[in-house]
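One letter stands for each residue in the lines below.
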Amino acid sequence: MGTDKTTKRSESLEKELIRALRFSGLDKENLNELVRIVVGLNDGGLDQLRVYPKGQPPIVDGLQVQALVNTEELTTVLNHILTNTPRLRGVSVFPYGIPNPEIFQVNVDLGETVQTTAITATGIAA
């Protein structure tokens, strides 16, 4: 039964993100693919997500995902992001807490990779 709840939650998150980002400037196919990646990140441990379109209108070509992660979960979450996330553009981590970090803000940039963009711009086939 746990998998049914997880599946329903993932489908609900996917529908909500598509509804919220439908006017972001991303084409529908690209938006659907990026939203599926964000749902995978959520399943991989990123909770309490904030998702923003990335780029300057009218050229919006990616998403930025922000989430807060506990110290104990950070290594697992980063490992999942770095090894299992397609179209990963970048990851940044900001610690909160003095003198010892208690929680981290993880920012994940999704979209075309820099290498793909550079190859396309120079006209060289990949």
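Here we summarise the structure given alongside this text.

Cut-offs used in this document
- Residues numbered from 1 in each chain as written.
- Predicted model: local features only at pLDDT ≥ 70, side-chain atom pairs only at ≥ 80, totals over all residues.
- Heavy atoms only, no water.
- Pairing = 2+ DSSP bridges.
- Helix = DSSP H or I, 4+ residues; strand = E, 2+ residues; numbered from the N terminus.
- Axes fitted to C-alpha atoms, helices over the stretch in contact; angles between N-to-C directions.
- Contact = heavy atoms within 4.5 Å.
- Salt bridge = Lys/Arg side-chain N within 4 Å of Asp/Glu carboxyl O.
- Buried < 20%, exposed > 50% of the residue type's maximum accessible area, 1.4 Å probe, protein only.

1. Quick notes on the sheet that holds strand 2 (residues 59-70)
Step number 1: Pairing is antiparallel across the open sheet formed by 4 strands, whose spatial order is 1-2-4-3. Strand pairing shows two members of the sheet lacking a second neighbour, strand 1 (50-56) and strand 3 (88-96), which therefore form its edges. Strand-to-strand twist in this sheet, taken as the mean axis angle between neighbours without regard to direction, amounts to 20°.
Step number 2: Sheet analysis places strand 1 next to strand 2, joined by 7 bridges and oriented antiparallel. For Tyr52, the partnering residue across the bridge sits in strand 2 and is Gln64.
Step number 3: Against the sheet, helix 3 (residues 74-84) makes contact with strand 2, strand 3 and strand 4 (103-111), and its axis sits at roughly 170° relative to strand 3, the strand it touches most.

2. Let's talk about the pairing of strand 3
Step number 1: Relative to strand 4, strand 3 runs antiparallel, the two being bridged by 8 bridges. Directly across from Val91, in strand 4, lies its bridge partner Val108.
Step number 2: Linking two consecutive strands that pair antiparallel, namely strand 3 and strand 4, is a turn of 6 residues; a positive phi of about 125° is found at Gly97 within it.

3. Here's the deal with the pattern of salt bridges
Step number 1: Applying the stated criterion to the full structure yields 4 salt bridges.
Step number 2: Across the pair Asp109 and Lys54 runs a salt bridge, and its minimum N-O distance is 3.8 Å. Of this pair, Asp109 sits in strand 4 while Lys54 sits in strand 1, and the two are 55 residues apart along the sequence.
Step number 3: Here Asp109 falls in the buried class, since its relative accessible area comes to 15%.
Step number 4: Residue Lys54 is classed as partly exposed on the basis of its relative accessible area of 29%.

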